[in-house]
Amino acid sequence: MKQSRQENIIYSVVWGLLFAAPLLSLYVRSISDDSDAPFRWAEVLFVWQRFAVYLVLFLIHNFLLAPLFFARQEGQLNRRAAYFSIMVLILSVFTFYQCSHRSEMRGPKPPMERFDHHEPPRFDKPAHGFEDKDMPRRHRLDDAPPPIMGEHDIMAIILLVLMFAANLGVKSYYRGLEDRKRLERLEHENLEQQLEYLRYQINPHFFMNTLNNIHALVDIDPEQAKETILELSKMMRFVLYEGNKQGVPLSRELEFIRHYMALMQLRYTDKVHIDLNLPDEVPDRQIPPLILVTFIENAFKHGVSYQHDSFVEVKVTVANNELQFTCRNSKADKPNEEKGGVGLSNVRKRLNLLYGTSYALRINNAEDYSVELNIPLS
């Protein structure tokens, strides 16, 4: 299991402070005493010896046992069972070591516990007229056998367990951070793949409709067909060089819409009223490419009739760093249905992936068909 640099820094700082604590304690004691007492290295070495035992156990747990607890491969339950078994063994050995070296672990007697006055007399033998039960209580307690596990032993074991638990807690925290970062990277890569897939779907759909327009104009008006090819070349340049980007300048996107509407204007007769209202000046902002033209394609495909009067109205306004797009069209009795279209579903997917909940899309399918889209500009 990979260990982060911040995690190692935390461990180093904590253990450094622990080993520096006895030095600081003796220094503070030496400057507070009136007498010129020597610096007692024996006490420091004794404390360091005790800390060294905990440090060795911590290193074993951190680098060897904790990876078993956090194992994700096959046999995770077996690894965790091995972890708890080894932990029980370590605690048992530590308990035995703690209890068998109890006298050594008391260390040198601190100066404040050394008294200059005489201790009360001890009664090694019962005096005349006194029975054993009348001896001082302190004498009888000193002669009693020591308990198997004392208070200091229990505190040492609890401290060891808390140290292991803290080690697991820190590792769990940083492991969660790494998991979240990895999930964010996967979501970002998945987002890019989905957007790329949607772009490749939209582009053939657009060119299929445009080529159908050119095919219809070749027999009707060859000159207009030539103009249409020029318009198409400009749009192809935009799609090839700008369509695969995350965002394009808003001015380039609106210019693409102008070319597209001009191409569609050449195809239809005066029975189809086409109105395009775009701002003359736009701010230097970015917008996802080819996201507005899909609504316009949908309007021509479903709203234009060759037998009756029909209309397509497109309006774009920019205010307060927000683009407001409106597209209205009449309903044809027999709409120009074409197979292979991706329609509005891909647009919704792109908007959800790019903007989440920060955009507004309203579709009204009453007497006329209208689309209103509000997206923030970056």
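Computed from a prediction, not measured in an experiment: that's the story for all the values here.

Chemist: So, the overall build of the protein: which residues are in play, and what are the values?
Modeler: In terms of regular secondary structure, the protein is built from ten helices and seven strands. Buried positions account for 35% of the 378 residues belonging to the protein. When contacts within the protein are restricted to residue pairs at least 6 apart in sequence, long-range pairs at least 24 apart make up 72% of them. Total accessible area on the protein stands at roughly 24200 Å², and carbon and sulfur atoms take up 58% of it.

Chemist: So what's going on with the packing of helix α1 (residues 5–32) against helix α2 (residues 41–69)? Residues and values would help.
Modeler: Following both chains from N to C, one finds α1 and α2 inclined at 165°, their axes separated by 10 Å at the closest point. In terms of their interaxial angle, α1 and α2 are classed as roughly antiparallel. For α1 against α2, the interelement crossing comes out right-handed. Residue-level contacts link Glu7, Tyr11, Trp15, Leu18, Phe19, Pro22, Leu23, Leu26 and Arg29 of α1 to Trp41, Glu43, Val44, Val47, Trp48, Phe51, Ala52, Tyr54, Leu55, Phe58 and Asn62 of α2.

Chemist: Help me get a handle on the pattern of salt bridges, residues and values and all.
Modeler: On inspection of all chains with the given rule, the structure shows five salt bridges. One salt bridge in this structure joins Asp368 and Arg328, with 3.0 Å as the shortest N-O distance. Highlighted residues: Asp368 in the loop between β6 (360–365) and β7 (369–376) and Arg328 in strand β5 (residues 322–329), separated in sequence by 40 residues. Classification of Asp368 as partly exposed rests on a relative accessible area of 26%.

Chemist: Explain the nonpolar core residue by residue, including any values.
Modeler: Core analysis: the biggest nonpolar cluster contains 45 residues, and Phe300, Leu323, Phe325, Leu351 and Leu373 have the highest contact counts within it. Taken together, the elements giving at least two residues each to this core come down to α7 (222–242), α8 (250–267), β2 (272–277), α9 (293–303), β4 (310–319), β5, α10 (343–355) and β7. Looking at which element gives the most residues to this core, the answer is α8, with eight residues. With residues near it in sequence (within four places) discarded, Leu323 still touches Leu250, Ile287, Leu292, Val316, Thr317, Leu373, Asn374, Ile375 and Leu377. Of all hydrophobic cores here, the second largest spans 20 residues; its members include Leu65, Ala66, Ala156 and Ile157.

Chemist: Tell me about the pairing of β6, residues and numbers included.
Modeler: Where β6 lies against β7, six bridges are found, and the strand directions are antiparallel. By the bridge assignment for β7, Asn365 is matched with Tyr369. Linking β6 back to β7 in an antiparallel pair, the connection comprises three residues.

Chemist: For the confidence of the model for the protein, give the residues involved together with the corresponding values.
Modeler: Here the protein shows a mean pLDDT of 77. Residues at 70 or above account for 74%. Taken as a whole, residues 110–118 scores under 50 in pLDDT and shows four contacts with residues more than four places along the chain or in a different chain. Predicted confidence is poor over residues 337–341, with pLDDT under 50, and the contacts of this stretch with residues over four places away or in other chains come to seven contacts.

Chemist: Tell me about the side chain of Glu253, and name the residues and values.
Modeler: Position of Glu253 among the secondary structure elements: in helix α8. Overall, Glu253 belongs to the buried group, its relative accessible area being 0%. In this structure, Glu253 is in contact with Phe238, Val248, Ile287, Pro288, Pro289, Leu290, Ile291 and Leu292, ignoring residues within four places of it in sequence.

Chemist: Account for the pairing of β4, naming residues and giving values.
Modeler: Alignment of β2 against β4, held across six bridges, turns out to be parallel. Residue pairing in the sheet places Asn277 in a bridge with Lys315 of β4. As judged from the eight bridges shared by β4 and β5, these two strands associate in the antiparallel manner. Across the sheet, residue Val318 finds its bridge partner in β5, namely Leu323. The loop that links β4 with its antiparallel partner β5 comprises two residues; one of these, Asn320, has a positive phi angle of about 55°.

Chemist: Before we move on, could you go through the packing of aromatic side chains and cite the residues and values that matter?
Modeler: The full count for this structure, using the stated rule, is 13 aromatic pairs. Plain terms: the ring middles of Phe19 and Trp48 are 6.4 Å apart, the flat faces sit at 50° to each other, and that makes the pair tilted. Taken as a pair, Phe19 in helix α1 and Trp48 in helix α2 lie far apart in primary sequence, 29 residues in all. Overall, Trp48 belongs to the partly exposed group, its relative accessible area being 25%. Connected via pairs of aromatic rings, a cluster forms that spans Tyr11, Trp15, Phe19, Trp48, Phe51 and Phe58.

Chemist: Tell me about α1, and name the residues and values.
Modeler: The end-to-end C-alpha distance of α1 is 39 Å, a good match for the 40 Å that 28 residues give at a rise of 1.5 Å each. Remark: the principal bend of α1, roughly 35°, maps to Ala20, with a proline, Pro22, within the next four residues. Regarding α1, the residues found buried are Glu7, Tyr11, Trp15, Pro22 and Leu26.

Chemist: Lay out unusual backbone geometry with the relevant residues and their values.
Modeler: For Asn320, which is not a glycine, the phi torsion comes out positive at approximately 55°. As for its position among the elements, Asn320 is in the loop between β4 and β5. You will see that Asn321, though not glycine, has its phi angle at about 55°, which is positive. On the basis of relative accessibility, which here comes to 42%, the residue Asn321 falls in the partly exposed class.

Chemist: A description of the side chain of Asn167 should follow, citing residues and the corresponding values.
Modeler: Along the chain, the position of Asn167 falls in helix α6 (residues 151–220). Within the structure, Asn167 has its side chain in polar contact with the side chain of His61 (distance 2.7 Å). When residues no more than four places from it in sequence are discounted, the contact partners of Asn167 are Tyr11, Phe58, His61, Asn62 and Ala66.

Rules used throughout
The written sequence of each chain sets the order in which its residues are numbered from 1. For this predicted model, a pLDDT threshold of at least 70 governs which residues receive local features, and a threshold of 80 or more governs which side-chain atom pairs are given and counted, while totals over whole chains, interfaces and linings are taken from all residues. Each side-chain value is derived from all of the structure's non-hydrogen atoms; neither hydrogens nor water enter the calculation. Starting at the N terminus, helices and strands are each numbered in turn, a helix being any DSSP run of H or I of at least four residues and a strand any DSSP run of E of at least two. Throughout this description, buried means an accessible area under 20% of the type-specific maximum (1.4 Å probe, protein chains only), exposed means over 50%, and partly exposed covers the range between. By definition in these notes, contact holds between two residues if any of their heavy atoms fall within 4.5 Å. Each accessible area value is a Shrake-Rupley result obtained with a 1.4 Å probe; residue values ignore everything except the protein chains displayed when judging cover. Here an angle of 0 to 180 degrees is reported between the N-to-C directions of two axes, which are lines fitted to C-alpha atoms, with helices fitted over the stretch in contact. Angles are sorted into four bins: roughly parallel if under 35 degrees, roughly antiparallel if over 145, roughly perpendicular if 65 to 115, and oblique for all others. Put simply, a crossing is left-handed when the front helix is turned counterclockwise from the back one by less than a right angle, and right-handed when it is turned clockwise. Salt bridge, as applied in this entry: a Lys or Arg side-chain nitrogen positioned within 4 Å of an Asp or Glu carboxyl oxygen. We define the nonpolar core as a collection of buried residues of types Ala, Val, Leu, Ile, Met, Phe, Trp, Tyr and Cys that are connected through side-chain atoms lying within 4.5 Å of one another. The criterion for strand pairing is that DSSP finds at least two bridges linking the strands in question. Here pLDDT means the predictor's own confidence in every residue, given as a number from 0 to 100. Any two of the Phe, Tyr and Trp rings considered here, Trp counted by its six-membered ring, make a pair once their centres fall within 6.5 Å; the pair's planes then place it as stacked at under 30 degrees, edge-to-face at over 60, or tilted in between. Residue count minus one, scaled by 1.5 Å, sets the expected span of a helix. Bend is computed residue by residue as the angle between axes fitted to the seven residues ending at the residue and the seven residues starting at it. Polar contacts here mean pairs of N or O atoms no more than 3.5 Å apart (in protein, one a potential hydrogen donor and the other a potential acceptor; neighbouring residues in sequence count only if both atoms are side-chain atoms).

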